[in-house]
Amino acid sequence: MVWRAEDPESGEIYKCRWDLIEYLHGKILDIGAGQFKVVDQAMSVDNGHHEGFGHVIKPDYLVKTAAQLPLIGDATMDCTLSSHLLEHFPEDQAIYVLREWFRTVKVGGTLCLYLPEKGVYPDVGEYGANPDHKFTPTRQQVIDWMLKVGAWDLEVDESRSEGNEYSFLQVYRRLPGRQNLFSCQKPKSAEKTAACFRVGAFGDMLQASSVIKGLKDDGYVVTVYASEPGCQAIEHDPHIDKLIRQEKDMVPNHLLGEFWDVRKKRYDKWVNLSESVESTLLSIPHRITYKWPKETRHRLMNHNYLEVQHELAGVPHIPQVRFYATESEKCLARNRRAEIGRDWSSGYMKENTRFIILWSLAGSSIHKVYAGMDEVMQRTLDAHPEAHIVLVGGPECQKLEAGWEDNPRVTCTSGKWSIRKSLAFIDQADLIIGPETGILNAACCLPVPKIIFLSHSTEENLTRDWINTTAMVPQNTPCYPCHMMHLTWDSCKRDDRTGTAACQASIDPETVAQAIASEIDAWRSRDDGEVPRYEAEWNALPHREVSRKVVGDMLVTLNDVTNPSDTAFGASLVIQMRMPGAQQVADPRDETQ
């Protein structure tokens, strides 16, 4: 489109903001925002010039000129952007203005420029030109100036003259050193592309990992749009070619439709998993389904969550949910398991003598807390000396750990381990227990035994296709299954005795304890020659052998890990039992030995 005099010239940034979404994160500086900030989370800088045109301007930083930003420190912004402002400075000052703007960008951050393009927007002195413009820039002109400003990679350089646009967009990613790269000039891949949009919590994102794997199996280059903090659960998934993180409410709900329409044009296939579970199969507040009779909700919503998502994506229903830990995360998890699993009580080191239970304490809703947790834990510890329980959860779960902090057979990690550390420990556990949480979802396709406390979901909804899983179904609870998401107790029946949801209070602790006992009995009866899972994985890691010697009946190998900073204590002893009984050896945790 060529600019027309009758067209409005306000809110220019809104024409391209959804194409900038992957750059809009962290600290964002919008220079010359006027009354139209690119997103609400951005910090605006303006001189109030447009107040003379009847607009009310209330920038976060009021400056005399955008050519000088003394309140903004060097390399403090993840994204600095400016829309239709550079042309308001004299042409011979443009390079100095760009240098000041680029100064604010962190290494790895971006400078985004959206400017009127010469040839489609009238030049100075021509009919219809903005009288405040000093020149009309070209793309190459700005590149030439930026070459003198600093090191960068030009990731986006595109003319935008369709629809109601008459501008060009450039995105410069700041690099260390002095090089200038032009990744925007790389030939476009001929491979077919797909994008998957999913905003949700950890469990939602892990379920989406199965869809992502299905798309990759179909030969797509896969881009995933996900929100914080849920995207942490999938950030190292090898089937994701590009992960675009969106901070909370970066795209307001009422603008999602507009956002989707813009983004889906970039891909051969667009998979939108929004409300694929929530609202559709789990009623949410303020929707009419929340007021439906329970029986009606059950009839219409009792479908398998993962199968519906696969169907929406057009991929076969092959459950492939998985969390992908990095090698360093796996190594740390193995070290934690080894520390917990060693028994020095007799003065001898016995390896892998603990049955490790990973207990996920709570989910993202008020009904995802098991009422009988303390009773079951005490029964298990009393009846099974080899049992050790690792409690995981967010900072709010520290309340649930109260009273267990000093028990040597309970490891309390809530608020201490990140979600990724907790998820990485799944492979080291002998049993996983918890309500409907991301931890349980991450383990659903793994052979490790699982015990899950169902709350608003049925077995058909959630665990139908899970491997080696015991579902604890609420008993004698008229409201179960409710197929509802509860944010307050106004809609969820609360048990007066325990203070938890009635569905969770109805699950008999004796039944849970017996299920745990069965798994411990099965663990005891395994073949003594079987190599523990965590040890087998450790031995598969690349490492440099430092020393190897036989001490009595034990083969002791001291391995120097490739990256000591990735482990809990730099080097680790790998003990392989040759025969029953062991000679006394030094505790590797004792640095004086």
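Residues take numbers from 1 onward in each chain, read along the sequence in its written order. For this predicted model, a pLDDT threshold of at least 70 governs which residues receive local features, and a threshold of 80 or more governs which side-chain atom pairs are given and counted, while totals over whole chains, interfaces and linings are taken from all residues. In computing side-chain values, all of the structure's heavy atoms are included and hydrogens and water are not.

(A) Here's a closer look at the pairing of strand S16 (residues 431-435). In terms of residue burial, S16 counts as a mostly covered element, since 5 of its 5 residues are buried. Pairing of strand S13 (residues 355-360) with S16 involves 3 bridges; the strand directions are parallel. Looking across to S16, one finds that Ile-357 is bridged to Leu-431. Strand pairing is assigned whenever DSSP detects at least two bridges linking the two strands. We count a stretch as a helix when DSSP gives it H or I for four or more residues in a row; a strand needs E for two or more, and each element gets its number in order from the N terminus. Here S16 pairs with strand S17 (residues 450-453) via 4 bridges, running parallel. Partly exposed describes any residue whose relative accessible area lies between the buried limit of under 20% and the exposed limit of over 50%, with all areas from a 1.4 Å probe on protein chains only and scaled to the type maximum.

(B) Here's a closer look at helix H6 (residues 305-313). All of the buried residues in H6 are Tyr-305, Leu-306, Gln-309, His-310 and Ala-313. Seen end-on, H6 carries its buried residues on one side only, within an arc spanning 130°. We call two residues in contact when some of their heavy atoms are within 4.5 Å. Buried residues belonging to H6 abut strand S9 (193-198), helix H3 (202-217), strand S12 (269-272) and helix H11 (459-463). By the N-cap criterion, in which a side-chain oxygen at the helix start approaches the backbone nitrogen of a residue two or three places on, H6 is capped by Asn-304, the distance to Leu-306 being 3.2 Å. Among the residues trailing H6, Gly-314 stands out with phi positive, at a value near 75°. Relevant arc is that of directions from the helix axis to the C-beta atoms, nothing else. Polar contact is defined as a pair of N or O atoms within 3.5 Å, subject to the rule that within protein one atom must be able to donate a hydrogen and the other to accept it, and that residues adjacent in sequence are counted only when both atoms are side-chain atoms.

(C) Seen up close, helix H13 (residues 509-524). Multiplying 1.5 Å by the helix residue count minus one yields the expected span of that helix. Between its first and last C-alpha, H13 extends 22 Å over 16 residues, near the 22 Å set by a 1.5 Å rise per residue. When we look at burial in H13, the residues that qualify are Pro-509, Val-512, Ala-513, Ala-515, Ile-516, Ala-517, Glu-519, Ile-520 and Trp-523. Each element contacted by the buried residues of H13 is listed here: S13, helix H8 (373-383), strand S14 (387-392), S16, S17 and strand S18 (469-472).

(D) Structural context of the state of the cysteines. Only a pair of cysteine sulfur atoms within 2.5 Å counts as a disulfide in this structure description. Going through the model one piece at a time under the given rule, you end up with 0 disulfides. With no disulfide partner, Cys-112 has as its closest neighbouring cysteine sulfur the one in Cys-79, 3.9 Å distant. Judged by its relative accessible area of 1%, Cys-112 falls in the buried class.

(E) Molecular detail of the packing of H8 against H13. Only C-alpha atoms enter the line fits that serve as axes; for helices the fit covers just the stretch in contact. Angles between N-to-C directions range over 0 to 180 degrees. Their axes nearest at 9 Å, the elements H8 and H13 cross at an angle of 40°. The two elements H8 and H13 cross, and the hand of that crossing is right-handed. Mapping the contact onto sequence places Glu-375, Val-376, Arg-379 and Thr-380 in H8 and Pro-509, Glu-510, Val-512, Ala-513, Ile-516 and Ile-520 in H13. Charged residues are taken to be Asp, Glu, Lys and Arg, nonpolar residues to be Ala, Val, Leu, Ile, Met, Phe, Trp, Tyr, Cys and Pro, and polar residues to be all remaining types, Gly included. The residue inventory of the contact of H8 with H13, partitioned by class, reads 6 nonpolar, 1 polar and 3 charged. Crossings are sorted by hand: turned counterclockwise from the far helix by less than a right angle, the near helix makes the crossing left-handed, and turned clockwise it makes it right-handed.

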